[in-house]
Amino acid sequence: RHAVCIFYLVLRALDTIEDDMTISLDVKVPMLHEFHSYLYQPEWKYMESKEKDRQVLEDFPTISMEFRNLSKVYQDVISDICHKMGIGMAEFLEKKVDSQHEWDKYCHYVAGLVGIGLSRLFSASELEDPIVGQDTELANSMGLFLQKTNIIRDYLEDQLEGREFWPREVWSRYAKKLSDLARPENIDMAVQCLNELITNALHHVPDVLTYLSRLKNQSVFNFCAIPQVMAIATLAACYNNKQVFRGVVKIRKGQAVTLMMDATNIQAVKAIMYQYVEEIYQKIPSTDPSSNKTQQVIASIRTMSLPGGPMASRYHYSPIYLSCAMLLAALSWQYLSTISKATEEYVQAGKN
């Protein structure tokens, strides 16, 4: 628990440096490259940030002290991932995501490495078998599926903030500029581009199911499975949906709570994945350029999701304490959603 919490705070500090547009590149790039070394410098902190999360940089000595109190096996994982992520973030500061290969590479740096780091922590703790931390390809897919879902869903928000994460190789087939997809007259082409990217993201689902099937600790399973089922539900809501280019597409609160309550074992997760890819399948337009590819990837997910499919888990979870834990998670989700909504209304009022 402590290792995962410190891992999060360290990466939040690194991410805050990357996001801060007031830091010049000649200062930011060396900071990103060297950030892993700051973990071993008791006095290091950064007081010049203008980002909302700047407290993690201003009070970094507290975080780095707790980091150095962790077991060396945890320190080594966190420091290594931090080093690799900093180098990757610096690489993409000065270039845009062009090819689909570069899209995978960018998502690897900012999310796949998180999946790999967490998996290595799970194995180091001996809560999970060594294979969980050793199979970096599956762990990477866990991160890529979540990151691609966020990038797809957040098209409009990123456009308003001046950020572009959709790969040029894909969107250039549908528009001259990425921003053109938000124009009402381009909506049909925009939705086709959206559907192609969702199809790309769905290719990670088989890896996600294989990864989850290896987990045997209940808390680790919940921690990993809940974001993944949220992601597939989000993609189902976004698929062939013009609203992605007009506002924010979110799954309903009740739907989110149900997913949290249900995603407690591999068979349940397989059923959830099956349900949402079926929902996507029913919405595939016959005229969509990606329709064949979408149908093919859904067919492979169906095969893995059926009871008694090629991937059977050794473990099945049904402890009674889960009811209380999931109820607490549901209440926390409701609280955070309420806070988020209030913040959005406040920001909107400020804009008006």
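Counting starts from 1 at the beginning of each chain's written sequence and moves along it residue by residue. Residue-level local features of this predicted model are given only where pLDDT is at least 70; pairs of side-chain atoms are given and counted only at 80 or more, and the full residue set underlies all totals for whole chains, interfaces and linings. Note: side-chain values were computed over all heavy atoms of the structure, leaving out hydrogens and water.

A closer look at the side chain of aspartate 20
Helix and strand labels come from DSSP, where a helix needs a run of H or I of at least four residues and a strand needs a run of E of at least two; each type is numbered from the N terminus. For aspartate 20, the location among the structural elements is in the loop between α1 (2–19) and α2 (25–38). Lysine 28 provides the closest opposite charge to the buried, unpaired aspartate 20, separated from it by 6.1 Å. Two residues form a contact once any of their heavy atoms are found within 4.5 Å. Excluding residues within four positions of it along the chain, aspartate 20 makes contact with Lys28, Ser49, Lys50 and Glu51. Each residue is placed in one exposure class: buried if its accessible area under a 1.4 Å probe, protein chains only, is under 20% of its type's maximum, exposed if it is over 50%, and partly exposed if it falls in between. Charged residues are defined narrowly, with Lys and Arg counted positive, Asp and Glu counted negative, and His plus the chain ends left uncounted. Salt-bridge detection follows one rule: a side-chain nitrogen of Lys or Arg within 4 Å of a carboxyl oxygen of Asp or Glu.

Topic: the pattern of salt bridges
Counted according to the given criterion, the structure contains 21 salt bridges. The partner of glutamate 278 in a salt bridge is arginine 302, and the shortest N-O contact between them spans 2.4 Å. Here the residue glutamate 278 occupies a position in helix α15 (residues 266–282), and arginine 302 occupies one in helix α16 (residues 291–305), the gap between them amounting to 24 residues. Ionic contacts of the salt-bridge type, sharing partners, join the residues Glu91, Lys95, Glu102 and Lys105 into one network.

Remarks on helix α14 (residues 253–262)
If you check which residues of α14 are buried, you get Gln255, Ala256, Leu259 and Met260. One side of α14 holds all its buried residues, which, seen down the axis, span an arc of 140 degrees. Working note: the arc is built from the helix axis to C-beta atom directions.

Quick notes on the confidence of the model for the chain
On average, the chain scores 90 in pLDDT, and the residues at 70 or more come to 87%. Low pLDDT (under 50) marks residues 310–321, which in the prediction has 29 contacts with non-local residues, meaning those over four places away or in another chain. Known as pLDDT, the predictor's confidence for each residue is given on a scale from 0 to 100.

Concerning the environment of threonine 294
Inspection of the secondary structure puts threonine 294 in helix α16. Sequence separation between threonine 294 and glutamate 196 is 98 residues, and the spatial gap between their C-alpha atoms is 7.9 Å. With sequence-adjacent residues up to four places away left out, threonine 294 is seen in contact with Thr199, Tyr239, Ile280 and Ile284. Distance and chemistry together define a polar contact, namely a pair of N or O atoms within 3.5 Å, with one atom able to donate a hydrogen and the other to accept it when in protein, and with adjacent residues in sequence counting only for side-chain atoms on both sides. One polar contact links the side chain of threonine 294 to the main-chain carbonyl oxygen of serine 290, over a distance of 2.8 Å.

Some details on helix α11 (residues 187–202)
Along an α-helix, residues three or four positions apart point the same way, because every turn accommodates 3.6 residues. The span expected for a helix works out to 1.5 Å for each residue beyond the first. Given a rise of 1.5 Å per residue, 16 residues ought to cover 22 Å, and the 22 Å separating the end C-alpha atoms of α11 matches this to within 8%. Of all 16 residues in α11, 13 are buried; the element is thus mostly enclosed.

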